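These are the residues of each chain, in order.
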Amino acid sequence: MKILTTILILSTLSFAAIGSAHEADCPYCKIKVVQNTKEQDNEVVLKVGNKRIEYRCLYCVIKDQGRYKGDLVVYAPSEKVGEPVILKRTEGKWTGPKDAVYLNTFKAHKDCAALSRAFTTKEAFAKYAKAHGQTEAKPLTLEQFITAITKPAKAAS
């Protein structure tokens, strides 16, 4: 009986460790990855080879892309729970769904998970932007989004 109790306790501790191991820091900004909720997906997932790496936002994964060689796939949360916008980098060229648009208006990384996102349509973008006080935000194409993130910073004059 004592052995059975010990096994039960160790099993419970193992499951608790597995559950808490899911939360991680973003490899780029080092801030905790915002977990998915019933109302909204938040985790940005990068798949490269056999690796699955979670990022805090779409900005972070694009900004950090130079770390990975070869082709990769990004699952960016959209306005639809369980239906990410899938982006691919193949031979250095990014592609994504034709009608998808992107938001990138955060000023500090603490806000990046909410303000650097993908949407399946301009209408979904507009609804989200309005609900999050981003009424001046413009929907970006994938090319505009990536260019805005990867362009070198302007030197101070």
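Below is a short write-up of the structure. (Residues numbered from 1 in each chain as written. Predicted model: local features only at pLDDT ≥ 70, side-chain atom pairs only at ≥ 80, totals over all residues. Heavy atoms only, no water.)

Quick look at the packing of aromatic side chains
Stage number 1. Within this structure, the stated rule accounts for five aromatic pairs.
Stage number 2. Taking the centre distance of 5.6 Å and the plane angle of 85° together, the rings of Phe 119 and Phe 125 count as edge-to-face. Each member of the pair, Phe 119 as well as Phe 125, carries the same accessibility label: buried.
Stage number 3. Here the aromatic rings of Phe 119 and Tyr 128 are separated by 5.0 Å at their centres, their planes lie at 50°, and the arrangement is tilted. We note that Phe 119, like Tyr 128, is buried.
Stage number 4. Among the aromatic residues, ring-to-ring pairing joins Tyr 28, Tyr 59 and Phe 106 into one connected group. (Phe/Tyr/Trp six-rings, centres within 6.5 Å; stacked < 30°, edge-to-face > 60°. Buried < 20%, exposed > 50% of the residue type's maximum accessible area, 1.4 Å probe, protein only.)

Some details on helix α5 (residues 142-150)
Stage number 1. Listed in full, the buried residues belonging to α5 are Leu 142, Phe 145, Ile 146 and Ile 149. For α5, the angular spread of buried residues about the axis comes to 90°, placing them on one side. (Helix = DSSP H or I, 4+ residues; strand = E, 2+ residues; numbered from the N terminus. Arc of directions from axis to C-beta.)

Overview of the nonpolar core
Stage number 1. Grouped together as the largest cluster of nonpolar side chains are 39 residues, with contacts concentrated most on Tyr 55, Leu 58, Val 74 and Tyr 102.
Stage number 2. The greatest single-element share of this core, amounting to five residues, is contributed by helix α2 (residues 58-63). (Core = buried A, V, L, I, M, F, W, Y, C linked by side-chain atoms within 4.5 Å.)

Section: unusual backbone geometry
Stage number 1. The phi dihedral of Lys 30 falls on the positive side, at around 70°, and the residue is not glycine.
Stage number 2. Along the chain, the position of Lys 30 falls in the loop between α1 (2-21) and β1 (44-48).
Stage number 3. Look at Lys 30 and you get exposed, because its relative accessible area is 54%.

Some thoughts on the sheet that holds strand β5 (residues 93-95)
Stage number 1. Strand order across the open sheet formed by five strands is β2-β1-β3-β4-β5, with antiparallel pairing between neighbours. Only two strands of the sheet have a single neighbouring strand rather than two, namely β2 (51-55) and β5. Averaged over all pairs of adjacent strands, the angle between strand axes in this sheet comes to 20°, irrespective of strand direction.
Stage number 2. Bridge count for β1 against strand β3 (residues 72-76) is three bridges, and the pairing is antiparallel. From the neighbouring strand, Lys 47 faces β3, where its bridge partner is Val 73. (Pairing = 2+ DSSP bridges. Axes fitted to C-alpha atoms, helices over the stretch in contact; angles between N-to-C directions.)

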